[in-house]
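Secondary and tertiary structure notes
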Amino acid sequence: LKPIKKNNRLPREVWIASLSLEKLRARTYEEMIKNVLNRIDEVLPYQPDIICLPEIFPFTRISSPEPLLSEIAEIPPGTITSQFAKWAEKNHCYVICPIYTKENGHYYNSAVVIDRNGNYIGEYRKMHPTEDEMEKGITPGPLNPPVFKTDFGIIGVQICFDINLSLIH
């Protein structure tokens, strides 16, 4: 697929880049964040409207043990999301940034939504965490998930296993 400049696209055409961690490895989650920031730069010629990052990407494919949730979960904008907010603003692109978040002593597997101006516009919290996630301390998100207003329409977000179970509700 070759890049098409935005002014040559259809009026309501939305380009979405879904990033893979294929062939990415890191010693620490901080290093993985740098690797992912470098990788998303590779899609810039396509001028995506949204970049979707993989579920809890900073903490997968790292050789060091995953830190405790209490050490890495954040209230957006935080240490991790602020890096992607800067990228979103610089490149005028929405970013779906899946990380661990926290609120009132609860931890969530969340997809943080960042707008083209680098602003936090909300988060989707995984409704159906796996048994392993719950044993680790992840709390299920609400069964009435939020939607997010963008400059091209309203979007919803889901994480992994929720797609299968949302069809049941």
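How each quantity is defined
- Residues numbered from 1 in each chain as written.
- Predicted model: local features only at pLDDT ≥ 70, side-chain atom pairs only at ≥ 80, totals over all residues.
- Heavy atoms only, no water.
- Salt bridge = Lys/Arg side-chain N within 4 Å of Asp/Glu carboxyl O.
- Helix = DSSP H or I, 4+ residues; strand = E, 2+ residues; numbered from the N terminus.
- Buried < 20%, exposed > 50% of the residue type's maximum accessible area, 1.4 Å probe, protein only.
- Pairing = 2+ DSSP bridges.

Our focus in this paragraph is the pattern of salt bridges. Scanning the entire structure with this criterion turns up eight salt bridges. K136 is paired through a salt bridge with E66; the nearest N and O atoms lie 2.9 Å apart. Note that K136 is positioned in helix α4 (residues 131-136) and E66 in the loop between β2 (50-52) and α2 (69-72), a separation of 70 residues in sequence. Judged by its relative accessible area of 31%, E66 falls in the partly exposed class. With a closest N to O distance of 3.0 Å, K126 and E133 form a salt bridge. With a relative accessible area of 2%, K126 lands in the buried category. Assessed through its relative accessible area of 9%, E133 is described here as buried. Residues joined in a network through salt bridges with shared partners are D49, R116 and D151.

Turning to the pairing of strand β5 (residues 120-125), a few remarks are in order. A regular strand places its side chains on the two faces of the sheet in alternate fashion. Relative to β5, strand β4 (residues 106-114) runs antiparallel, the two being bridged by five bridges. Within β5, the residue paired with I114 across the bridge is Y120. Between β4 and β5, which pair antiparallel and follow one another directly, the connecting turn spans five residues, one of which, G118, has a positive phi of 80°.

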